[in-house]
Amino acid sequence: LPEVPTMAVEKVFVYNNTSIVQDEILAHRLGLIPIRADPRLFEYRNQGDEEGTEIDTLQFQLKIKCSRNPQAAKESSDPNELYFNHKVYSKHMTWMPLGNQTDLFPDADFRPVHDDILIALLRPGQEIDVLMHCVKGIGKDHAKFSPVATASYRLLPDITLLQPIEDEAAEMLQKCFSPGVIEIQNIKGKKVARVANARLDTFSREVFRHEGLKNLVRLARVRNHYIFSVESTGILPPDVLVSEAIKILMGKCQRFLNELDSVPME
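Definitions and cut-offs
- Residues numbered from 1 in each chain as written.
- Predicted model: local features only at pLDDT ≥ 70, side-chain atom pairs only at ≥ 80, totals over all residues.
- Heavy atoms only, no water.
- Helix = DSSP H or I, 4+ residues; strand = E, 2+ residues; numbered from the N terminus.
- Rg over C-alpha atoms; globule rule 2.2 N^0.38 Å.
- Contact = heavy atoms within 4.5 Å.
- Areas by Shrake-Rupley, 256 points an atom, 1.4 Å probe, with all protein chains shown as cover.
- Lys, Arg positive; Asp, Glu negative; His and termini not counted.
- Charge placed at Lys NZ, Arg CZ, Asp CG, Glu CD.
- 1 Å grid on protein atoms, 1.4 Å probe; cavity = no way out; pocket = protein on both sides within 12 Å on 5 of 7 lines; lining within 4 Å.
- Points joined across faces, edges and corners; volume = space filled by probe spheres on them.
- Nonpolar A, V, L, I, M, F, W, Y, C, P; charged D, E, K, R; others polar.

> Is there a simple way to think about the overall build of the protein in this case?
Within the protein one finds five helices and 14 strands. Against the 2.2 N^0.38 benchmark of 18 Å for 266 residues, the protein shows a C-alpha radius of gyration of 28 Å, more extended than a compact globule. Each principal axis of the C-alpha distribution contributes one length, and for the protein these read about 85 × 75 × 35 Å. Restricting the contact set of the protein to residue pairs at least 6 apart, pairs at least 24 apart contribute 75%. Element-wise, carbon and sulfur atoms account for 52% of the exposed surface of the protein, whose accessible area totals about 16600 Å². Across the protein, the 32 positively charged side chains and the 37 negatively charged ones have centroids separated by 8 Å.

So, in structure tokens, the structure goes:
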């Protein structure tokens, strides 16, 4: 969440904005659009640098103007028929190479992760003309640099059936858990419950509401088994994000060890 770097819009140069969205709000919305660009290809921009370079900045342009559709039906009230370019989407952002970026990244496809992010609504005569500078940063400085939507972990559930549960009780037990946790087998003409996949359990504890079941099941957690859930914003795949986070953690550990070695022992 806070330390794996990404590229995001940092500076917005507004040349013209006659839309209803104020310049500050427009800049904020643009900053939150995830940019599909591998941050490992770029350097951090130095503090105080006004102009970006090809090694630390990606430049995007958003230039669009709304106009009336002369062929629209007179009785129509649908903006999609009446106007051209009345919805400004992230797909309208175009990459403008800086310096020799065309040679540095010949196969690059720098663009927003999603093309259908709505930025603003326009009416005839209104236009937006801005230039954006994307830089490398981390979520600790601003949430727009965070590479994940959510990152969480939980312990592996451990479900134990203390005695055989059969027939109607087995069906009731199955309904107490998430789908796939408990399955019912047919053994010698009887329906018998068994734990199929405890990993799918969400610990709802619904089973303890039933007097006939609450003493037949033990719920616990495996204390040394963690399940991590990482939902990427699309800038980098989750497996890459996890490996990059581990590298950062290893670097912190190494710096700590170096500091210990540099402290003179009495």
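> For this particular structure, what's the right way to read the layout of surface pockets?
Where empty space is left can be seen by rolling a probe of water-molecule size over the atoms. For the largest pocket, the calculated volume is near 520 Å³. Contributing to the lining of the largest pocket are 19 residues, with L1, P2, V4, L241 and A245 lying nearest its centre. Looking at which element gives the most residues to the lining of the largest pocket, the answer is helix 5 (residues 238-262), with seven residues. When its volume is computed, the second largest pocket comes out at roughly 270 Å³. Looking at the second largest pocket, it is lined by 13 residues, and the ones nearest its centre are E10, R45, N46, Q47 and V135. Residue assignment for the lining of the second largest pocket shows that the elements contributing at least two residues are strand 1 (6-17) and strand 10 (127-137). It is strand 10 that contributes the most residues to the lining of the second largest pocket, three residues altogether. A class-by-class count of the residues in the lining of the second largest pocket yields three nonpolar, four polar and six charged.

The quantities given are spatial measurements derived from coordinates; they are silent on function.
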